[in-house]
Amino acid sequence: MSRDRFTRISKFLSYVLRHRPQAIGLALDAQGWASIDELIEKARPQMALNRELIEQVVSTNDKQRFALSEDGTHIRASQGHSLDVDIGLEPCVPPALLYHGTATRFMDSINRDGLVSGRRQHVHLSLDAETAHAVGRRHGKPVILQIDTKAMHEQGMLFYVSANGVWLTEHVPTRFISESTAV
Ligand code: HQG
């Protein structure tokens with residue numbers, strides 16, 4: 001299958017599984033799972049999917065955005081939701097330092113309010129500066145912020161890591177943020 005087709009399907013799945021299942025009349029359970037049979041059926045007017053295609057998109061996805069249930073009957077997004085679903089993340093100890101990629105145009109507001117989750121459930125943090133750079137570039141001229149996650153953790157703030165290795169937290173106050181010159 002062409003990369004373009006994979007990307008199109010991945011974007012479609014991100015949209016319905018993270019943000020708007022109701023756009024195709026799909027139901028997610030409280031943990032964010034959708035029945036694959038129902039997804040195929042409800043997506044049909046917009047996108048021709050079948051089980052094999054979905055399994056391929058899940059297994060070859062560059063960021064492992066989706067997960068299949070153990071019995072293979074359900075699919076969900078591993079992170080990035082704006083929907084109020086509980087994907088059962090357990091708090092865990094973060095590395096001493098994590099990065100956040102953003103754009104220069106957001107910096108005044110970030111310097112005032114810290115990093116906020118906005119429409120998503122969490123602020124997303126990256127393990128390395130290169131990944132943060134790529135995330136920031138999606139929004140404009142990139143800025144890489146270094147986050148003192150060790151200090152945040154010591155002060156009782158909670159961190160989670162998604163099934164695809166993205167670090168998540170609720171809010172990063174300004175005192176833990178510094179601009180990085182990496183990359
Ligand atoms: C910014 C992609 C103003 C924040 C990526 C970001 C990621 C503020 C934007 C995942 C702010 C939100 C998430 C404040 C934060 N004032 N702007 N106080 N605090 N912001 O797309 O982190 O490909 O919701 O810096 O790889 O860019 O979708 O979040 O620029 O892991 O799987 O508000 O999305 O993954 O933008 O990206 P987003 P993000 P996928």
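Just above sits the structure.
To keep things clear, this report deals only with the structure shown in the data block. Small disclaimer: the values here were computed from a predicted structure and weren't measured.

Cut-offs used in this document
- Residues numbered from 1 in each chain as written.
- Predicted model: local features only at pLDDT ≥ 70, side-chain atom pairs only at ≥ 80, totals over all residues.
- Heavy atoms only, no water.
- Helix = DSSP H or I, 4+ residues; strand = E, 2+ residues; numbered from the N terminus.
- Polar contact = N/O pair within 3.5 Å; in protein donor to acceptor, adjacent residues only side chain to side chain.
- Contact = heavy atoms within 4.5 Å.
- Core = buried A, V, L, I, M, F, W, Y, C linked by side-chain atoms within 4.5 Å.
- Buried < 20%, exposed > 50% of the residue type's maximum accessible area, 1.4 Å probe, protein only.
- Salt bridge = Lys/Arg side-chain N within 4 Å of Asp/Glu carboxyl O.

### Description of the environment of Asp128
Item 1. Its place among the elements puts Asp128 in the loop between β5 (123-125) and α5 (129-137).
Item 2. With 12 residues separating them in the primary sequence, Asp128 and Val116 have C-alpha atoms 20 Å apart.
Item 3. Within the structure, Asp128 has its side chain in polar contact with the backbone nitrogen of Glu130 (distance 3.3 Å).

### Let's talk about the environment of Thr102
Item 1. If you trace the backbone, Thr102 turns up in strand β4 (residues 98-103).
Item 2. When the C-alpha atoms of Thr102 and Arg65 are compared, they prove to be 20 Å apart, with 37 residues separating the residues in sequence.
Item 3. Beyond its immediate stretch of four places on either side in the chain, Thr102 contacts Met107, Ile110, Gly136, Lys141, Pro142, Val143 and Leu145.

### Some points on the nonpolar core
Generally speaking, nonpolar side chains in soluble globular proteins are found buried as a group.
Item 1. Leu13, Leu17, Leu39, Leu49 and Ile75 are the most contacted members of the largest nonpolar core, which has 26 residues in total.
Item 2. Taken together, the elements giving at least two residues each to this core come down to α1 (3-19), α2 (36-43), α3 (51-60) and β3 (74-77).
Item 3. Looking at this core, the element that brings in the most residues is α1, giving 6 residues.
Item 4. What Leu17 contacts, discounting residues up to four positions off in sequence, is Leu26, Leu28, Ala34, Phe66, Ile75, Arg76, Ala77, His81 and Leu83.
Item 5. One finds Ile110, Leu125, Met152 and Trp167 within the second-largest nonpolar core, a separate group that totals 17 residues.

### What to know about the pattern of salt bridges
Item 1. The tally for this structure, following the rule as stated, stands at 6 salt bridges.
Item 2. With its nearest N and O atoms 3.1 Å apart, the salt bridge here joins Lys42 to Glu38. Taken together, the residues Lys42 and Glu38, both in helix α2 and 4 residues apart, mark about one turn of the helix.
Item 3. Judged by relative accessible area, Glu38 falls into the partly exposed class, the value being 25%.
Item 4. Of the charged contacts in the structure, one is a salt bridge between Arg44 and Glu41, with a shortest N-O distance of 2.8 Å.

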